Amino acid sequence: MEKFLGTLLTILLIIYALKFIVRLIFPWLLKRFVTRMQNKANEQFSSMFGGQFYTQDQSESYQNQYADDNEPQITISKPHKPQKEKPSSYSELDGQYVDYEEIK
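An account of the accompanying structure is given in this report. Because the structure is predicted, anything quoted here is derived from the model rather than measured. (Residues numbered from 1 in each chain as written. Predicted model: local features only at pLDDT ≥ 70, side-chain atom pairs only at ≥ 80, totals over all residues. Heavy atoms only, no water.)

### Quick word on the overall build of the chain
Part 1 of the reasoning: A tally of helices and strands in the chain yields two helices and zero strands.
Part 2 of the reasoning: Among the 104 residues that make up the chain, the fraction classed as buried is 2%.
Part 3 of the reasoning: As displayed, the chain offers around 11600 Å² of accessible surface, 58% of which is attributable to carbon and sulfur atoms. (Helix = DSSP H or I, 4+ residues; strand = E, 2+ residues; numbered from the N terminus. Buried < 20%, exposed > 50% of the residue type's maximum accessible area, 1.4 Å probe, protein only. Areas by Shrake-Rupley, 256 points an atom, 1.4 Å probe, with all protein chains shown as cover.)

Right, here's the structure in full:
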């Protein structure tokens, strides 16, 4: 029985250790894979069209470089509309309620 519990505990520890390691390593591997694919696509694009294809980091730095800090603030104001009163569920003009009975 002691060997069974020791084996079960060892298996559970290995599973949780693998889960922990995967949570740390998988995002790094995914980012590395995406960056490599992006660079490969950039090389293909530039070889085919002779242009520059910006990565996300390059495009952000390009936007920050040419951003105008003195842009004016734009405010849009709408005229105030008065709220309409909600009609009540019954009014005098609706008529009278008639209870119908089924005749056989």
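### Observations concerning a nonpolar patch on the surface
Part 1 of the reasoning: A surface patch of nonpolar side chains, amounting to about 860 Å² of accessible area, comprises Met1, Phe4, Leu5, Leu8, Ile11, Leu12, Ile15 and Tyr16.
Part 2 of the reasoning: Turning to its location among the elements, Ile15 is positioned in helix H1 (residues 2–49). (Patch = residues over 30% accessible without salt bridge, like charges linked within 9 Å, V, L, I, M, F, W, Y side chains within 5 Å. Salt bridge = Lys/Arg side-chain N within 4 Å of Asp/Glu carboxyl O.)

### Focus on H1
Along an α-helix, a turn takes 3.6 residues, which lines up residues three or four apart on a common side.
Part 1 of the reasoning: End to end, H1 covers 69 Å across 48 residues, agreeing with the expected 70 Å (1.5 Å per residue, within 8%).
Part 2 of the reasoning: If you look at H1, its biggest bend is around 30°, right at Ile25, and the proline Pro27 turns up within four residues after that. (Expected span 1.5 Å × (residues − 1). Bend = angle between axes of the 7 residues up to and from the residue.)

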